[in-house]
Amino acid sequence: QVQLVESGGGLVQAGDSLRLSCAASGGTFRNYAMGWFRQAPGKEREFVAAISKSGSSTYYRDSVKGRFTISRDNAKNTVDLVMNSLKPEDTAVYYCAATRVDLGLRSQYTYDYWGQGTQVTVSS
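Residues numbered from 1 in each chain as written. Predicted model: local features only at pLDDT ≥ 70, side-chain atom pairs only at ≥ 80, totals over all residues. Heavy atoms only, no water.

## Thoughts on the pairing of strand 8 (residues 78-83)
Line of reasoning, step 1. By the criterion of burial, strand 8 is predominantly enclosed, with 5 of the 6 residues buried.
Line of reasoning, step 2. Pairing analysis gives 6 bridges linking strand 3 (residues 18-25) to strand 8, with the strands arranged antiparallel. Bridge pairing in strand 8 links R19 to V82.
Line of reasoning, step 3. Note: strand 7 (residues 68-73) against strand 8, 6 bridges, orientation antiparallel. Residue pairing for strand 8: I70 is matched across the bridge by L81.
Line of reasoning, step 4. What sits between strand 7 and strand 8 in their antiparallel hairpin is a turn of 4 residues, with N77 showing a positive phi close to 60°. (Buried < 20%, exposed > 50% of the residue type's maximum accessible area, 1.4 Å probe, protein only. Helix = DSSP H or I, 4+ residues; strand = E, 2+ residues; numbered from the N terminus. Pairing = 2+ DSSP bridges.)

In structure tokens:
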């Protein structure tokens, strides 16, 4: 049983930065790989970034490589997503998710637990 709570979303201008945070509770955090997904209005949920249990491996969709950075702090039970050089197409509700495995992290179906989401809006 894991609970996830996202924070840090907001309304920013293109080119700005945001840091999203996800706080986990109710489980042994180091036993879960973590991912970030997003869903824009009228579109399907899509993979953004993921990080392995130890933090040694990270994964990104091509459109955010070089702009976004995922990290985790297993002592604080948190995972962050630092988003730089934001673009209007990054506008979406961002969700964090947790899974017990370190494989298939680009697929939403791998994940067992989900947060409520936080809105990121990037104006042009």
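Text resumes after the structure shown.
## What to know about the pattern of salt bridges
Line of reasoning, step 1. In this structure the tally under the stated criterion is 7 salt bridges.
Line of reasoning, step 2. Through salt bridges with shared partners, one network takes in R38, E46, R61, R67 and D90. (Salt bridge = Lys/Arg side-chain N within 4 Å of Asp/Glu carboxyl O.)

## A look at the state of the cysteines
Line of reasoning, step 1. Under the defined criterion, the tally for this structure stands at 1 disulfide.
Line of reasoning, step 2. The disulfide bridge from C22 ends at C96, spanning 2.1 Å between sulfur atoms. Taking the sign of the S-S torsion, about 55° here, the bridge from C22 to C96 comes out right-handed. Of this pair, C22 sits in strand 3 while C96 sits in strand 9 (residues 92-99), and the two are 74 residues apart along the sequence. (Disulfide = S-S within 2.5 Å.)

## Remarks on the sheet that holds strand 1 (residues 3-7)
Line of reasoning, step 1. One open sheet holds the 4 strands; their spatial order is 1-3-8-7, and the pairing between them is antiparallel. Each edge of the sheet is formed by a strand with only one pairing partner; in this case those strands are strand 1 and strand 7. For this sheet the average axis-to-axis angle between neighbouring strands, irrespective of direction, equals 15°. (Axes fitted to C-alpha atoms, helices over the stretch in contact; angles between N-to-C directions.)

## What about the pairing of strand 1?
Line of reasoning, step 1. Of the two faces of strand 1, only one is covered, namely that formed by L4 and E6; the face formed by Q3, V5 and S7 stays uncovered.
Line of reasoning, step 2. Two strands pair when backbone bridges link them, and strand 1 and strand 3 are joined in this way by 5 bridges, in the antiparallel orientation. Directly across from V5, in strand 3, lies its bridge partner A23.

## Describing the side chain of R38
Line of reasoning, step 1. Here R38 is to be found in strand 4 (residues 33-39).
Line of reasoning, step 2. Only 2.7 Å separates the side chain of R38 from the side chain of E46, close enough to count as a polar contact.
Line of reasoning, step 3. Side-chain polar atoms of R38 contact the side chain of Y94, separated by 2.9 Å. (Polar contact = N/O pair within 3.5 Å; in protein donor to acceptor, adjacent residues only side chain to side chain.)

## Structural notes on the environment of Q13
Line of reasoning, step 1. You can see Q13 is positioned in strand 2 (residues 10-13).
Line of reasoning, step 2. Taking the C-alpha atoms as reference points, Q13 and V120, separated by 107 residues in sequence, lie 11 Å from one another.
Line of reasoning, step 3. In this view, Q13 contacts V122 and S123; residues no more than four positions away in its chain are not counted. (Contact = heavy atoms within 4.5 Å.)

## So, the side chain of S52
Line of reasoning, step 1. Inspection of the secondary structure assignment puts S52 in the loop between strand 5 (46-51) and strand 6 (58-60).
Line of reasoning, step 2. For S52, a relative accessible area of 5% translates into the label buried.
Line of reasoning, step 3. For S52, the contacting residues outside a window of four places in its chain are A33, S57, R72, D102 and L105.

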